Amino acid sequence: MVVWPTKPRTPEGVGHVGAPVRSYYPGPMLDEEIAVEADEPEPLRVGVLGARGRMGVAVCEAVDAAEDMELVAMVDAGDWLFNVSDAGAEVVIDFTRPDVVMENLHWCIDQGIHAVVGTSGFTAERLKQLEGWLTAKPELGMVVAPNFGIGAVLMMRFAQQAARYFESAEIVEMHHPAKVDAPSGTATRTAELIAEARQAAGMAAAPDATAHALDGARGADVDGIRVHSIRATGSMAHQEVLFGGPGETLTIRHDSVDRASFMPGVLLAARKVRGLPGLTVGIDSLLD
Ligand SMILES: NC(=O)C1=CN([C@@H]2O[C@H](COP(=O)(O)OP(=O)(O)OC[C@H]3O[C@@H](n4cnc5c(N)ncnc54)[C@H](OP(=O)(O)O)[C@@H]3O)[C@@H](O)[C@H]2O)C=CC1
Ligand SMILES: O=C(O)C1=N[C@H](C(=O)O)C[C@H](O)C1
């Protein structure tokens, strides 16, 4: 019996959409191997949007290396989105740009494809819009996460927990200078979570007597929380959440020094999204 692999195993075998996908003849299978293969579930068919980007490249490699997934489409700027549906993708992973991601997701919903979204730029209005679109396909799942790093998820959780105990709270985020948005999605989400916790605890605005300031000196105001964005060569993705109370400060810091930090979270969301109809924001609820 001749069995052709569904997933090319050589790096050069993973072709860009439109390029012929190479495959090879692995040799005849033993009877025991055929029996084992018959019991194995079909791999999850995944398409990646933004496949040539910094995150996209890492995600394609991670999906290709995952035994339970098959990388069926890689799409970047200028490519035809229908390559994804033509390839039979069940889940799309989007790491593109804030200015194109909504159009991509509208298309995914239209096509009935589940989506895992890492692209930044998700305001409350955008999330509401997605929820509205998803009502047309109630069986579809979409996970939008500002950060897939487990450490970053915990940083946000700890910041939310600490928020009500400190009158002052500010965020400093630092990223590589090729990042197109500021503040980062992670910083924005962290500020929103802190603001929610402060509001629930009935806290007043953080004390700040600044009466004279150069534009930007106090950072951006996200729901009343100051967020300071640094862009520096040599950095990747870093954030400090600073809390202050009488006589003490608390700093919660997270550093992603390699894009590998995001991959377990991305793959986890891709595996779970089909069982999560509707919109899920963040991967906190997906962790065991
Ligand atoms: N949630 C998380 O854990 C993380 C989120 N991010 C976020 O992911 C996003 C991508 O980051 P990064 O990889 O560094 O950015 P890059 O700019 O390196 O990658 C984005 C890629 O998407 C391509 N692209 C543009 N338009 C489209 C389109 N319509 N369809 C498909 N592809 C398109 C870009 O092409 P071109 O350059 O030609 O425009 C580029 O190749 C950012 O928003 C970033 O903040 C990043 C890291 C972790
Ligand atoms: O652009 C990046 O690099 C990152 N973007 C995300 C964000 O905006 O928070 C996640 C992480 O900070 C890396």
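Predicted model, so just to flag it, every value in this text is computed and none were measured.

1. What to know about the side chain of Ser256
And step 1. Topologically, Ser256 is positioned in strand β10 (residues 248–256).
And step 2. Assessed through its relative accessible area of 1%, Ser256 is described here as buried.
And step 3. A distance of 2.8 Å separates the side chain of Ser256 from the side chain of Ser261, its partner in a polar contact.

2. Thoughts on the site of ligand 2
And step 1. Every residue near ligand 2 is listed here: Ser120, Pro146, Asn147, His175, His176, Lys179, Ser184, Gly185, Thr186, Ala237 and Phe262.
And step 2. Separating an oxygen atom of ligand 2 from a backbone N or O atom of Gly185 is a distance of 2.8 Å.
And step 3. One of the side-chain nitrogen or oxygen atoms of Thr186 is found 2.5 Å away from an oxygen atom of ligand 2.
And step 4. When the free accessible area of ligand 2 is taken as 320 Å², the share hidden by the protein chains comes to 84%.
And step 5. The cavity where ligand 2 resides is the largest pocket.
And step 6. Grouping the amino acids of the shell around ligand 2 by side-chain chemistry returns 3 nonpolar, 7 polar and 1 charged.

3. Considering the domain arrangement of the protein
And step 1. Under the domain assignment, the protein is made up of domain 1 (44–144 + 261–286) and domain 2 (150–204 + 218–257).
And step 2. Contacts between the two partners involve 9 residues from domain 1, matched on the other side by 12 residues from domain 2.
And step 3. Together domain 1 and domain 2 conceal approximately 900 Å² of surface at their shared face, both sides included; 56% is due to carbon and sulfur atoms.
And step 4. Joining domain 1 to domain 2, the criterion identifies 1 salt bridge.
And step 5. Across the salt bridge formed by Arg157 and Asp284, the nearest N and O atoms sit 2.8 Å from each other.
And step 6. On the surface where domain 1 and domain 2 come into contact, there are 3 residue pairs in polar contact (both at pLDDT 80 or more).

4. Notes on the packing of aromatic side chains
And step 1. In total, this model carries 4 aromatic pairs according to the counting rule given.
And step 2. Plain terms: the ring middles of Trp80 and Phe82 are 5.2 Å apart, the flat faces sit at 45° to each other, and that makes the pair tilted.
And step 3. A residue is classified by how much of its surface remains accessible, and Trp80, at 54% relative accessible area, is exposed.
And step 4. On the accessibility criterion, Phe82 (32% relative accessible area) is partly exposed.
And step 5. An aromatic cluster of three or more residues is present, and its members are Trp80, Phe82 and Trp107.

What counts, and where the lines are drawn
Sequence order as written defines the numbering, with residues in each chain counted from 1. Chain letters and ligand numbers both follow the written order, the letters beginning at A and the numbers at 1. Residue-level local features of this predicted model are given only where pLDDT is at least 70; pairs of side-chain atoms are given and counted only at 80 or more, and the full residue set underlies all totals for whole chains, interfaces and linings. Hydrogens and water molecules were not included; the side-chain quantities draw on all heavy atoms of the structure. Each helix corresponds to a stretch of at least 4 residues labelled H or I by DSSP, and each strand to a stretch of at least 2 residues labelled E; elements are numbered beginning at the N terminus. Throughout, exposure labels follow a simple rule: accessible area from a 1.4 Å probe, protein chains only, divided by the maximum for the residue type, with under 20% read as buried, over 50% as exposed, and the rest as partly exposed. Polar contact is the term for a pair of N or O atoms within 3.5 Å; when the atoms are in protein, one must be able to donate a hydrogen and the other to accept it, and sequence-neighboring residues count only if both atoms are side-chain atoms. Throughout, near means a residue has at least one heavy atom within 4 Å of the molecule or strand. Note on areas: these come from Shrake-Rupley sampling with a 1.4 Å probe, and a residue is covered only by the protein chains present in the view. The rule is simple: put a 1 Å grid over the protein atoms alone, call a set of points where a 1.4 Å probe fits but cannot get out a cavity, call an open set with protein on both sides within 12 Å along at least five of seven lines a pocket, and count a residue as lining if it has an atom within 4 Å of a point. Think of it this way: a molecule belongs to a cavity or pocket when more than half its atoms come within 2 Å of the grid points there. Here the nonpolar group is Ala, Val, Leu, Ile, Met, Phe, Trp, Tyr, Cys and Pro; Asp, Glu, Lys and Arg are the charged ones; every other residue, Gly included, is treated as polar. Per the annotation, domain bounds derive from an automatic or database assignment of domains. We call two residues in contact when some of their heavy atoms are within 4.5 Å. Here the buried area means the combined drop in accessible surface, using a 1.4 Å probe, for two parts upon being joined, counting both sides. Any carboxyl oxygen of Asp or Glu that lies within 4 Å of a side-chain nitrogen of Lys or Arg is treated as forming a salt bridge with it. Pairing of aromatic side chains here covers Phe, Tyr and the six-membered ring of Trp, requires ring centres within 6.5 Å, and sorts the geometry by plane angle: under 30 degrees stacked, over 60 edge-to-face, intermediate tilted.

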